[in-house]
Amino acid sequence: MNAIAIEQLCFAYAGGAPVLEIADWQVPQGSRVFLRGPSGSGKSTLLNLLSSTLVARKGQGKVQILGQSLSALSNRGRDRFRAQRIGVVFQQFNLIPYLSVMDNLHLAAHFGRGGDVRERATHLITQLKLPVDLLKRPAQALSVGQQQRVAIARALINRPQLLLVDEPTSALDRDARDAFVQLLMENYASEESTLIFVSHDTTLAQHFPVTADMRDLNKAWNPEATDVA
Ligand SMILES: Nc1ncnc2c1ncn2[C@@H]1O[C@H](COP(=O)(O)OP(=O)(O)OP(=O)(O)O)[C@@H](O)[C@H]1O
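Residues numbered from 1 in each chain as written. Predicted model: local features only at pLDDT ≥ 70, side-chain atom pairs only at ≥ 80, totals over all residues. Heavy atoms only, no water.

- The name an unreviewed UniProt entry gives the protein chain is ATP-binding cassette domain-containing protein, with Microbulbifer elongatus as the organism.

What follows is the structure, given as structure tokens:
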């Protein structure tokens, strides 16, 4: 099965010209894809459509995730689908600062598949090489690197089949970036799990068997209309 199947997508923000046009893009389950592209080429818009934070309206084409058409779901159905099947690590980690690490993980699990959250949280934190007593600390009392690991734990707590990662490494130095990608790969390895990793840092592409470039994928991208990073 494909983890992602896009057909005739032509997405515009309200009142604007199309910013994302993808005729056909399929990502088989189990793929690990490095997604690159200049600033403004539509990477975040694409990730938001894949996570169903944005939805292609009628006539804007088809986005299917794990065989499910996202526009066929109600808002509530999409929220449930996202919580149960998709994990995200976005640029801001979006941890709730005053809640403990455990409560942040509990909150994510509450909207997901359930099960023994405490045991799974402890297991993930250990796997991510963090001390277990960190679970009791408020998220705001952690270093940036620790918050990043907790954001990975939160994304993995519901055992997502699709993981979307958007440049969480931009604040880190080169060695820390490589370590982050390695950590992700080690902790998110199964034949069913699909990873889409967006970054400007092309040196990270070496960790991925497949690279996709928005300049090829997005026919609406016009380099003259946007600033190029
Ligand atoms: N909320 C929005 N409303 C209107 N236009 C938007 C909105 N968000 C993004 N755009 C436009 O959509 C296009 C693609 O932007 P997007 O943020 O997806 O690119 P990106 O490749 O992620 O860029 P960056 O690498 O700088 O984050 C740009 O022209 C941008 O100005």
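Let us keep going from here.
## Section: empty space enclosed by the protein
Stage number 1. Within the structure shown, the criterion is met by one cavity of 30 Å³ or more.
Stage number 2. The space that makes up the largest cavity amounts to roughly 60 Å³.
Stage number 3. Lining the largest cavity, in full, are Leu49, Ser52, Leu54, Val55, Ala56, Gly61, Lys62, Val63, Leu70 and Ser71.
Stage number 4. For the lining of the largest cavity, the per-class residue count stands at six nonpolar, three polar and one charged. (1 Å grid on protein atoms, 1.4 Å probe; cavity = no way out; pocket = protein on both sides within 12 Å on 5 of 7 lines; lining within 4 Å. Points joined across faces, edges and corners; volume = space filled by probe spheres on them. Nonpolar A, V, L, I, M, F, W, Y, C, P; charged D, E, K, R; others polar.)

## Things to note about the packing of aromatic side chains
Stage number 1. Under the criterion given, the structure shown has four aromatic pairs.
Stage number 2. Consider the rings of Phe34 and Phe208, whose centres lie 5.5 Å apart with planes at 45°: the pair is tilted. Of this pair, Phe34 sits in strand S3 (residues 32-36) while Phe208 sits in the loop between strand S8 (194-198) and strand S9 (210-213), placing them 174 residues apart in sequence.
Stage number 3. You can call Phe34 buried: its relative accessible area is 0%.
Stage number 4. With a relative accessible area of 7%, Phe208 lands in the buried category.
Stage number 5. Ring pairing ties together the aromatic residues Phe34, Phe197 and Phe208, which thus form one cluster. (Phe/Tyr/Trp six-rings, centres within 6.5 Å; stacked < 30°, edge-to-face > 60°. Helix = DSSP H or I, 4+ residues; strand = E, 2+ residues; numbered from the N terminus. Buried < 20%, exposed > 50% of the residue type's maximum accessible area, 1.4 Å probe, protein only.)

## Quick notes on the pairing of strand S1 (residues 2-12)
Stage number 1. The sheet contact formed by S1 and strand S2 (residues 18-28) spans nine bridges and is antiparallel. For Glu7, the partnering residue across the bridge sits in S2 and is Asp24.
Stage number 2. Counting the residues that bridge the hairpin from S1 to S2 gives five residues, and of these Gly15 lies at a positive phi of roughly 80°.
Stage number 3. Bridge count for S1 against strand S4 (residues 62-65) is four bridges, and the pairing is antiparallel. Looking across to S4, one finds that Ile4 is bridged to Ile65. (Pairing = 2+ DSSP bridges.)

## Let's talk about unusual backbone geometry
Stage number 1. Positive phi, normally seen in glycine, also occurs at Ser52, with a value near 65°.
Stage number 2. Checked against the element boundaries, Ser52 lands in the loop between helix H1 (43-50) and S4.
Stage number 3. Given the relative accessible area of 3%, Ser52 is considered buried.
Stage number 4. Within the chain, Lys129 stands out as a residue other than glycine whose phi angle is a positive 60°.
Stage number 5. Of note, Lys129 is situated in the loop between helix H4 (117-127) and helix H5 (144-156).
Stage number 6. Look at Lys129 and you get exposed, because its relative accessible area is 59%.

## A few points about helix H2 (residues 75-85)
Stage number 1. Along H2, the residues that are buried comprise Gly77, Arg78, Phe81 and Ala83.
Stage number 2. Of the surrounding elements, those touching the buried residues of H2 are S4, strand S5 (68-69) and strand S6 (86-89). (Contact = heavy atoms within 4.5 Å.)

## Concerning the sheet that holds S2
Stage number 1. Strand order in the open sheet made by the four strands is S2-S1-S4-S5, with antiparallel pairing throughout. Strands with a single pairing partner mark the edges of an open sheet, and in this sheet they are S2 and S5.
Stage number 2. The strands touched by H1 are S1, S2 and S4; relative to S2, the strand with the most contacts, the crossing angle is about 55°. (Axes fitted to C-alpha atoms, helices over the stretch in contact; angles between N-to-C directions.)

## Focus: the site of the ligand
Stage number 1. The ligand sits among 12 residues. The nearest are Ser39, Gly40, Lys43, Ser44 and Thr45.
Stage number 2. Interatomic distance of 2.6 Å between a side-chain N/O atom of Ser39 and an oxygen atom of the ligand.
Stage number 3. Take Ser41: an N or O atom from its main chain is 3.2 Å from an oxygen atom of the ligand.
Stage number 4. Isolated, the ligand exposes 640 Å² of accessible area, and the fraction of that covered by the protein chains is 58%.
Stage number 5. Examining the composition of the shell around the ligand, we find that three residues originate from one element, H1, more than from any other.
Stage number 6. For the shell around the ligand, the class distribution of residues is three nonpolar, eight polar and one charged. (Near = heavy atom within 4 Å. Polar contact = N/O pair within 3.5 Å; in protein donor to acceptor, adjacent residues only side chain to side chain. Areas by Shrake-Rupley, 256 points an atom, 1.4 Å probe, with all protein chains shown as cover.)

## Observations concerning the packing of H4 against H5
Stage number 1. Look at H4 against H5: their axes get within 10 Å of each other, and the N-to-C directions meet at 135°. Of the possible angle classes, the one that applies to H4 and H5 is oblique. Handedness of the H4/H5 crossing: right-handed. Residues Arg120, Leu124 and Ile125 of H4 touch H5, and the partners they reach there are Val150, Ala153 and Leu156. (Parallel < 35°, antiparallel > 145°, perpendicular 65-115°, else oblique. Left-handed = near helix turned anticlockwise from the far one by under 90°.)

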